[in-house]
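Chains, contacts and geometry: an overview
Residues per chain, in single letters:
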Amino acid sequence: MTTPQTLISVDITVRDSAGSYRTSKVLGVYAASTTSPARAAERLAEKLWGASDLDTAKRIDTPPYERGVSKWRITNAAALRAATP
């Protein structure tokens, strides 16, 4: 994908399923990780925008009624920084 010139944020869901963390789909793309839900969210940002860093994914909520589910906000901030000369 091409890197947009404005900051984009997307709210996603990460589910824990038997020790593997999988994100919801965004534009037909999802990501997974066996290490942590944060890493799964970062990988989705990498797939969507080509770059990620420590500020790419922030946990925003954990629904009290759904065990093993967390909400995250991912941004393209790392891709914007990488594209800036």
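Residues numbered from 1 in each chain as written. Predicted model: local features only at pLDDT ≥ 70, side-chain atom pairs only at ≥ 80, totals over all residues. Heavy atoms only, no water.

The secondary structure content of the chain amounts to 2 helices and 5 strands. Listed N to C, the secondary structure of the chain is β-β-β-α-β-β-α in terms of helices and strands. Its C-alpha radius of gyration of 13 Å places the chain within 12% of the 12 Å reference for a compact globule of 85 residues. Expressed along its principal axes, the backbone C-alpha trace of the chain runs to roughly 45 × 25 × 20 Å. Scored against the burial criterion, the 85 residues of the chain give a buried share of 35%. (Helix = DSSP H or I, 4+ residues; strand = E, 2+ residues; numbered from the N terminus. Rg over C-alpha atoms; globule rule 2.2 N^0.38 Å. Buried < 20%, exposed > 50% of the residue type's maximum accessible area, 1.4 Å probe, protein only.)

On to the sheet that holds strand 4 (residues 57-61). Taken in spatial order, the 5 strands of this open sheet run 3-2-1-5-4, and their pairing is antiparallel. If you trace the sheet from one side to the other, it starts and ends with strand 3 (32-33) and strand 4, each paired once. (Pairing = 2+ DSSP bridges.)

With that out of the way, let us pick up the side chain of Thr23. Position of Thr23 relative to the elements: it lies in strand 2 (residues 20-23). Among the polar contacts listed, one links the side chain of Thr23 to the backbone nitrogen of Ala31, at a separation of 2.9 Å. Leaving out residues up to four positions away in the same chain, Thr23 has contacts with Ile12, Thr13, Val14, Tyr30, Ala31, Ala40, Ala41 and Leu44. (Polar contact = N/O pair within 3.5 Å; in protein donor to acceptor, adjacent residues only side chain to side chain. Contact = heavy atoms within 4.5 Å.)

Evaluation of the coordinates by the stated rule reveals 0 aromatic pairs. The lysine or arginine in question, Arg22, covers the ring of Tyr30, its NZ or CZ lying 3.6 Å from the ring centre. (Phe/Tyr/Trp six-rings, centres within 6.5 Å; stacked < 30°, edge-to-face > 60°. Lys NZ or Arg CZ within 6 Å of the ring centre and 35° of its normal.)

Right, let's talk about the pairing of strand 2 for a bit. Of the two faces of strand 2, only one is covered, namely that formed by Tyr21 and Thr23; the face formed by Ser20 and Arg22 stays uncovered. Sheet topology places strand 1 (residues 9-17) next to strand 2; 4 bridges connect them, and they run antiparallel. Each residue of the ladder has a partner; that of Val14, found in strand 2, is Thr23. In this antiparallel pair of consecutive strands, strand 1 and strand 2, the connection spans 2 residues, and Ala18 shows a positive phi of 55°.

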